[in-house]
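A closer look at the structure
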Amino acid sequence: MFDNADAILLARIQFAFTVSFHFLFPAFTIGLASFLAVLNGLWLWTKDSKYLDLFRYWVKIFALAFAMGVVSGIVMSYQFGTNWSVFSDKAGPVIGGPMAYEVLSAFFLEAGFLGIMLFGRDRVGPTLHMVACAAVALGTAFSAFWILSVNSWMHTPAGFEIDAATGQFLPTDFWQVIFNPSFPYRLMHTVTAAYLTTAFIVGGVAALHLLRHRHRRDRVSPATRTMFSMAMWMAAIFAPVQIVLGDFHGINTLEHQPAKVMAMEGHFESHPEGAPLYLFGIPNQEEQRLDYAVGIPKLSSLILKHDLNAPLAGLDTIPREDQPPVAIVFWSFRIMVALGFAMLGIGLWSLWARWRGVLHDSPMLHRAALVMAPSGLIAVLAGWVTTEVGRQPFTVYGYLRTADSAAPLDAAAVGASLIAFIVVYFAVFGAGTYYILRLMNRAPSSNEPRLKDDLDSPIRTAGTTPAQQHPTRRIQPGE
């Protein structure tokens, strides 16, 4: 069935599928790890049981999402050696170091303290347990730092030279490699997106249970009310911040990857006296025009250059073979922006409801928050598609083409592995996601049960020496 297929296209689809699946979990767990650290800190500071209940409620979900993120990331990384070995060979001297540092400084930190965070509250004491929660949250941030540094280098390569004999990228300045021109903007934009993703998932879960309690006319638990309030504070604070960061990121992209911005804006033609902001249209790359365009005159120049009459170049200045797929970039960018402004709307709405004292008694707001629960996940995927497809046809922007980055591929082999990935991913991660949704479907309760940890189990389980038997006490429900 793959006899006439393009092996490189199949390899790109396979990587896009696996990275999209993987990206959903870190986008959630980066924010959730920080949320859990804050909840644990509030519990230690105030001794208010609602914070402990929320911690126990969300830590179960975090454990599942974190595990699925790790597994999907490991599988994805093997494709660098199977489908993209030429890229790995040429770019490996530059990106290999930061990828290794991600494991050493981020993943080891997360893995080393995760068990203490999940099961160690009564074994190590409150101080070390708080340290473990903070370490896991810090580890997720370190992981984002290194991965985004590598990915940003592929967009705005710096601090390297190309070996004339081998064609390999060789690092000449480590700090320029790490802190390449687009990295600070992409790091801030992506991490803020992760916090918003978590905020809207938490807010959507809280809104679901507020609506159910309203329908049943029973009492809402303090944990549910607090959960919704904290999520709406995050939405109100970070949504406008994200829009500002997006503007900075867009200006940086215009400087270093102008073709990507041209595709995002749908500018096939140059505009010497101010470019319009096209709201809608149908990109026609074959004819190099935007059909049925609906735009606002000169607004794109105002946004990108802060001058209504500033000239903006179009794709007519870019050779056809160097243009990205405009339709995909054009529409994914609009999905991301539309969701960003919808998040801002929810945040402002929550501030108004909070000012009126009806934050927990506004069913329309709760319904809107429930609908918006997956908006962060959709937005980060749309942003990721905009970023990565907009870089095409290059793997290392301006230096290494995607067509020249692939291993000698057989279409049938890539197609078979793609089908296997799709089947296994939907079976395994579908089951995990279903269980997470089941956990979210239950409201947090007073005396929320902890993750099960049998303290009567042997302390040592390896080696030939029998485990010492210590008198232990089984934790009672509610402790």
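Residues numbered from 1 in each chain as written. Predicted model: local features only at pLDDT ≥ 70, side-chain atom pairs only at ≥ 80, totals over all residues. Heavy atoms only, no water.

1. A few points about the overall build of the chain
The cut-off we apply is this: Secondary structure elements are defined from DSSP: runs of H or I of at least 4 residues count as helices, runs of E of at least 2 residues count as strands, and each element is numbered from the N terminus. Computation of the radius of gyration draws on C-alpha atoms alone. For the globule rule, the value is 2.2 Å times the number of residues to the power 0.38. Exposure classes here rest on a 1.4 Å probe applied to the protein chains alone. A residue is buried below 20% of its type maximum, exposed above 50%, and partly exposed in between. Any two residues whose heavy atoms approach within 4.5 Å are treated as being in contact. Per-residue accessibility takes into account occlusion by the displayed protein chains alone, with areas from the Shrake-Rupley method and a 1.4 Å probe. Positive residues here are Lys and Arg, negative ones are Asp and Glu, while His and the chain termini are left out of the count. A single reference atom marks each charge: NZ on Lys, CZ on Arg, CG on Asp, CD on Glu.
Counting its regular elements, the chain contains 15 helices and six strands. In terms of overall size, the chain behaves like a compact globule, its C-alpha atoms giving a radius of gyration of 25 Å where 479 residues would be expected to give roughly 23 Å. The principal-axis extent of the C-alpha atoms belonging to the chain is close to 75 × 65 × 45 Å. Here the chain holds 479 residues, and the buried ones make up 49% of them. Pairs at least 24 apart in sequence give 77% of the contacts found in the chain among residues at least 6 apart. With the model as given, the accessible surface of the chain reaches about 22900 Å², and the carbon-plus-sulfur share is 66%. Side-chain charges in the chain split into 33 positive and 33 negative, and the spacing between the mean points of these groups amounts to 17 Å.

2. Things to note about a nonpolar patch on the surface
Going by this rule: Residues form patches when they are more than 30% accessible in relative terms and have no salt bridge. Like charges link within 9 Å. Nonpolar side chains (Val, Leu, Ile, Met, Phe, Trp, Tyr) link within 5 Å. Any carboxyl oxygen of Asp or Glu that lies within 4 Å of a side-chain nitrogen of Lys or Arg is treated as forming a salt bridge with it.
A grouping of Tyr101, Val103, Leu104, Phe108, Phe174, Trp175 and Phe179 is seen on the molecular surface, where their side chains present a nonpolar patch of about 730 Å² in accessible area. Broken down by secondary-structure element, the contributors of at least two residues to the nonpolar patch are helix H4 (85-119) and helix H7 (174-178). With four residues, the top contributor of residues to the nonpolar patch is H4.

3. Observations regarding the confidence of the model for the chain
Cut-off, in case you're wondering: One confidence number per residue, pLDDT, is output by the predictor and ranges from 0 to 100.
Looking at the chain, pLDDT values average 86 and 92% of them are 70 or higher. When mean pLDDT is compared element by element in the chain, helix H12 (residues 326-356) scores highest at 94, while helix H3 (residues 79-82) scores lowest at 79. Within the model, pLDDT remains below 50 along residues 454-475, and this stretch shows 18 contacts once partners closer than five positions in the same chain are excluded.

4. Digging into the packing of aromatic side chains
Test applied: Put simply, two rings from Phe, Tyr or Trp (the six-membered ring, in Trp's case) pair if the centres are within 6.5 Å, and we call them stacked under 30 degrees between planes, edge-to-face over 60, tilted for the rest.
In this structure the tally under the stated criterion is 28 aromatic pairs. Seen in terms of ring centroids, phenylalanine 17 and tyrosine 425 are 5.6 Å apart; in terms of plane orientation they differ by 50°. Their pairing is tilted. Taken as a pair, phenylalanine 17 in helix H1 (residues 7-46) and tyrosine 425 in helix H15 (residues 411-441) lie far apart in primary sequence, 408 residues in all. Judged by its relative accessible area of 16%, phenylalanine 17 is buried. Arranged with centres 5.3 Å apart and planes meeting at 50°, the rings of tyrosine 101 and tryptophan 146 form a pair that is tilted.

5. Topic: the nonpolar core
Our working rule: The nonpolar core is taken to be a set of buried Ala, Val, Leu, Ile, Met, Phe, Trp, Tyr and Cys residues, with the residues joined through side-chain atoms within 4.5 Å.
In this structure, Leu36, Trp58, Ile61, Phe62, Met117, Phe228 and Met440 are the most contacted members of the largest nonpolar core, which totals 65 residues. Beyond its immediate stretch of four places on either side in the chain, phenylalanine 228 contacts Gly203, Ala206, Ala207, Leu210, Leu359, His360, Leu365, His366 and Ala369. Listed in part, the 20 residues of the second largest apolar core include Ala91, Ala406, Val414 and Leu418.

6. So, H15
Applied cut-off: Each helix should span, by expectation, one fewer than its residue count multiplied by 1.5 Å. Two axes are fitted around each residue, one to the seven residues ending there and one to the seven starting there, and the angle between them is reported as the bend at that residue.
Across its 31 residues, H15 extends 43 Å between first and last C-alpha, which sits within 8% of the 45 Å expected from 1.5 Å per residue. Its axis deflected by about 25° at glycine 430, H15 carries its strongest bend there. Three or more residues of H15 are buried, namely Ala411, Val414, Gly415, Leu418, Phe421, Tyr425, Phe429, Gly432, Ile436, Leu439 and Met440.

7. Examining the environment of alanine 194
Considering the arrangement of structural elements, one finds alanine 194 in helix H8 (residues 183-216). Separated by 118 residues in the primary sequence, alanine 194 and leucine 312 place their C-alpha atoms 32 Å from one another. If we ignore the near neighbours within four places in the chain, the residues touching alanine 194 are Ala27, Ile30 and Gly31.

8. Overview of the side chain of serine 149
Position of serine 149 among the secondary structure elements: in helix H6 (residues 126-155). Residue serine 149 is classed as buried on the basis of its relative accessible area of 1%. Each residue touching serine 149, except ones within four places of it in the same chain, is listed here: Val177, Ile178, Asn180 and Phe183.

9. Points about the pairing of strand S3 (residues 277-284)
Quick reminder of the rule: A strand pair is defined by DSSP finding two or more bridges across the two strands.
Here S3 pairs with strand S4 (residues 289-296) via six bridges, running antiparallel. Its bridge partner lying in S4, phenylalanine 280 is registered against valine 294.

10. Some thoughts on the packing of helix H10 (residues 258-265) against H12
Quick reminder of the rule: With axes taken as lines fitted to C-alpha atoms, and helix axes fitted only over the stretch in contact, angles between N-to-C directions fall between 0 and 180 degrees. An angle counts as roughly parallel when it lies under 35 degrees, as roughly antiparallel when it exceeds 145, as roughly perpendicular when it falls between 65 and 115, and as oblique in every other case. Asp, Glu, Lys and Arg are counted as charged, while Ala, Val, Leu, Ile, Met, Phe, Trp, Tyr, Cys and Pro are counted as nonpolar; the rest, among them Gly, fall into the polar class.
Two elements in contact, H10 and H12, have axes separated by 7 Å at closest approach and are oriented at 70°. Our classification of the angle between H10 and H12 gives roughly perpendicular. Seen from H10, the contacting residues are Lys260, Ala263, Met264 and Glu265; seen from H12, they are Val326, Val329, Phe330, Phe333 and Arg334. A per-class count over the contact of H10 with H12 returns six nonpolar, no polar and three charged.

11. What about the pattern of salt bridges?
Summed over all chains, the structure comprises five salt bridges. Aspartate 48 serves as the salt-bridge partner of lysine 50, at 3.9 Å between the closest nitrogen and oxygen. Across the salt bridge formed by aspartate 291 and arginine 289, the nearest N and O atoms sit 2.6 Å from each other. Taking relative accessible area as the criterion, aspartate 291 reaches 17% and is therefore assigned buried. With a relative accessible area of 41%, arginine 289 lands in the partly exposed category.

12. Here we look at unusual backbone geometry
The linkage connecting glutamine 392 with the following residue, proline 393, adopts the cis geometry, with an omega of 10°. With respect to the helices and strands, the residue proline 393 is situated in the loop between helix H14 (375-391) and strand S5 (394-396). A positive phi angle, close to 60°, is found at lysine 47, a residue other than glycine. For lysine 298, which is not glycine, the phi dihedral falls at a positive 65°. For lysine 298, the position within the fold is in the loop between S4 and helix H11 (299-305). On the basis of relative accessible area, lysine 298 is assigned to the partly exposed category, the value being 32%.

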